[in-house]
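An overview of the molecular structure
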Amino acid sequence: MKIPSQTKPAIWGAVGGAVALAVLGFTWGGWSTASSSERVAKLRAENAVVAALSPICVSNFQKQPNADAALVELKKISSWSQGDFIAKGGWATMIGSTSPDSAVAKACAETLGMSKT
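Here's a quick rundown of the structure. The structure presented is a predicted model; accordingly, all values stated were derived computationally and were not measured.

In terms of helices and strands, the protein chain carries 5 helices and 0 strands. Secondary structure of the protein chain in N-to-C order comes out as α-α-α-α-α. Relative to a compact globule of 117 residues, whose C-alpha radius of gyration would be 13 Å, the protein chain shows 27 Å and is clearly more extended. Overall, the protein chain is about 90 × 30 × 20 Å in size when its C-alpha atoms are taken along their principal axes. Every one of the 117 residues in the protein chain was classed for burial, and the buried ones make up 22%.

Written out as structure tokens, the structure reads:
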């Protein structure tokens, strides 16, 4: 089959336009693949869980009998180790869980570090 020479530029233009549309759509148009949408949804869900559980951790920390002394000790520790301190203290272990959540512990330590002594 022979394509007339007048239609070849139109076909190449359509192919080029389709490629350009795909590139622009995925970079600036807000299009996304299923896997990237799933990754973003999972990250948002994890952040929501941490945001919901970290106040419970702070409350658990503040309810202990020696909360003021523990807060002074927490503030002496480097910021990199504060989450571990909270996790080891058991304040980031939620009801029904057997181990502390490291992201909750870190958020809890950050919140406690901002409180005034």
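What follows deals with the nonpolar core. A general tendency of soluble globular proteins is for nonpolar side chains to be buried together. Counting 19 residues, the largest nonpolar core has Cys 57, Phe 61, Ile 86 and Leu 112 as the members making the most contacts within it. Contributing elements (two or more residues each) for this core: helix 2 (34-63), helix 3 (67-76), helix 4 (79-89) and helix 5 (102-114). Those residues within four positions of Cys 57 in sequence are excluded, and the remaining contacts are Ile 86, Trp 91, Ala 92, Met 94, Val 104 and Cys 108.

Among the structural elements, Gln 64 can be located in the loop between helix 2 and helix 3. Its relative accessible area of 15% is what places Gln 64 among the buried residues. Here Phe 61 takes part through its backbone oxygen, which lies 3.3 Å from a polar atom of the side chain of Gln 64. Setting aside its immediate chain neighbours within four residues, Gln 64 contacts Ala 70 and Trp 91.

Attention now goes to the state of the cysteines. Counted under the stated rule, the structure contains 1 disulfide. Here Cys 57 engages in a disulfide with Cys 108; their sulfurs sit 2.4 Å apart. Because the sign of the S-S torsion sets the handedness, a value of about -85 degrees for the bond joining Cys 57 and Cys 108 places this disulfide among the left-handed ones. Here Cys 108 lies in helix 5 and Cys 57 lies in helix 2, a separation of 51 residues in the sequence. Looking at Cys 57, the relative accessible area reads 0%, which means it is buried.

Here is what the cut-offs are and how they apply
Residues numbered from 1 in each chain as written. Predicted model: local features only at pLDDT ≥ 70, side-chain atom pairs only at ≥ 80, totals over all residues. Heavy atoms only, no water. Helix = DSSP H or I, 4+ residues; strand = E, 2+ residues; numbered from the N terminus. Rg over C-alpha atoms; globule rule 2.2 N^0.38 Å. Buried < 20%, exposed > 50% of the residue type's maximum accessible area, 1.4 Å probe, protein only. Core = buried A, V, L, I, M, F, W, Y, C linked by side-chain atoms within 4.5 Å. Contact = heavy atoms within 4.5 Å. Polar contact = N/O pair within 3.5 Å; in protein donor to acceptor, adjacent residues only side chain to side chain. Disulfide = S-S within 2.5 Å.

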